Amino acid sequence: MKLKSFTLAEMLIVMTIVAIMAMLTIPTVVKTNRDRAYADKLDKIYEKIETALILDKILGLDVSSYGINAIDKSMDSERYFALLIEKLKTIKYCKSEQEGCFGKTNLQGYKLRLINGAGILVNDNFRGEFDSVDRNNLILGSTYIDIDGPSGANKAGVDQFGFYTTLKGLIPMGGPQDKLVKFSECLKDYGFACTAWVLVNKNMDYKNCPNVINWETRTRCDQ
């Protein structure tokens, strides 16, 4: 009985096909893993800031005192920033005009660099507005997180993300009911409106299929 076997040419063809498929697949896998890693890191920093605010309230220094008891009282960003320095592991903090803490941005405010390389920027943007979901929740300012600090892409929606600083803690920008920084802005050109999407859906598919994804029925390109 004659045994069948693959010829060298057939094996080379198969190996070439496998190599091509790997070349097409690996970049997608790497990108997906990187996006997930960014989402996880963002979530951890968000959680640390929230924990700092909760502990502060428990100790009697209510976060509302950082902002306003009356609408015309200026927000004390400096005190909020001092709380972050005290509660988070930092290696550097910067005034608005200084560099080395947060990536390139047009935003102004207090900045700090965490021991994990991420940057945080605090200012009083959106002060006096109300949470779109909870009309009793006053916005005192905003907090921005740069996942990889000055060394990264320095682009909102890619490695920089934004949160409203409110009486009840941080709220990620760009949620499905956000009327101040609408998610539609994320679909047009990334931006801070992508923040809620990354935290909830753990992907950045708004970069790959902005005409397909939505909050209601499709949260991934491949869904």
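Please read these numbers as outputs of a predicted model, since none were measured by experiment. (Residues numbered from 1 in each chain as written. Predicted model: local features only at pLDDT ≥ 70, side-chain atom pairs only at ≥ 80, totals over all residues. Heavy atoms only, no water.)

Draft legend 1. Region of the structure containing the packing of aromatic side chains. The full count for this structure, using the stated rule, is 8 aromatic pairs. Measuring from ring centre to ring centre gives 5.3 Å for Phe 81 and Tyr 110, while their planes differ by 25 degrees; the resulting arrangement is stacked. Here Phe 81 is found in helix H2 (residues 77-87), whereas its partner Tyr 110 is found in strand S2 (residues 110-114), with 29 residues between them in sequence. Exposure remark for Tyr 110: the relative accessible area of 30% places this residue in the partly exposed category. Put simply, the rings of Phe 183, Trp 197 and Trp 215 pair up and form one aromatic cluster. (Phe/Tyr/Trp six-rings, centres within 6.5 Å; stacked < 30°, edge-to-face > 60°. Helix = DSSP H or I, 4+ residues; strand = E, 2+ residues; numbered from the N terminus. Buried < 20%, exposed > 50% of the residue type's maximum accessible area, 1.4 Å probe, protein only.)

Draft legend 2. Structural detail: the pattern of salt bridges. Applying the stated criterion across every chain, the model contains 7 salt bridges. Asp 43 is the salt-bridge partner of Lys 202, the closest N and O atoms lying 3.2 Å from each other. In this pair, Lys 202 sits in the segment after helix H4 (195-201) while Asp 43 sits in helix H1 (residues 8-58), placing the two residues 159 residues apart along the sequence. Across the pair Asp 189 and Lys 155 runs a salt bridge, and its minimum N-O distance is 3.7 Å. Of this pair, Asp 189 sits in helix H3 (residues 183-189) while Lys 155 is found in the loop between strand S4 (139-146) and strand S5 (160-166), placing the two residues 34 residues apart along the sequence. The exposed category is assigned to Asp 189, whose relative accessible area is 51%. (Salt bridge = Lys/Arg side-chain N within 4 Å of Asp/Glu carboxyl O.)

Draft legend 3. Molecular detail of the state of the cysteines. Counted by the stated rule, this structure contains 3 disulfides. Two residues, Cys 94 and Cys 101, share a disulfide whose sulfurs are 2.1 Å apart. The S-S bond linking Cys 94 to Cys 101 shows a torsion near 75 degrees; that makes this disulfide right-handed. Its relative accessible area of 0% is what places Cys 101 among the buried residues. (Disulfide = S-S within 2.5 Å.)

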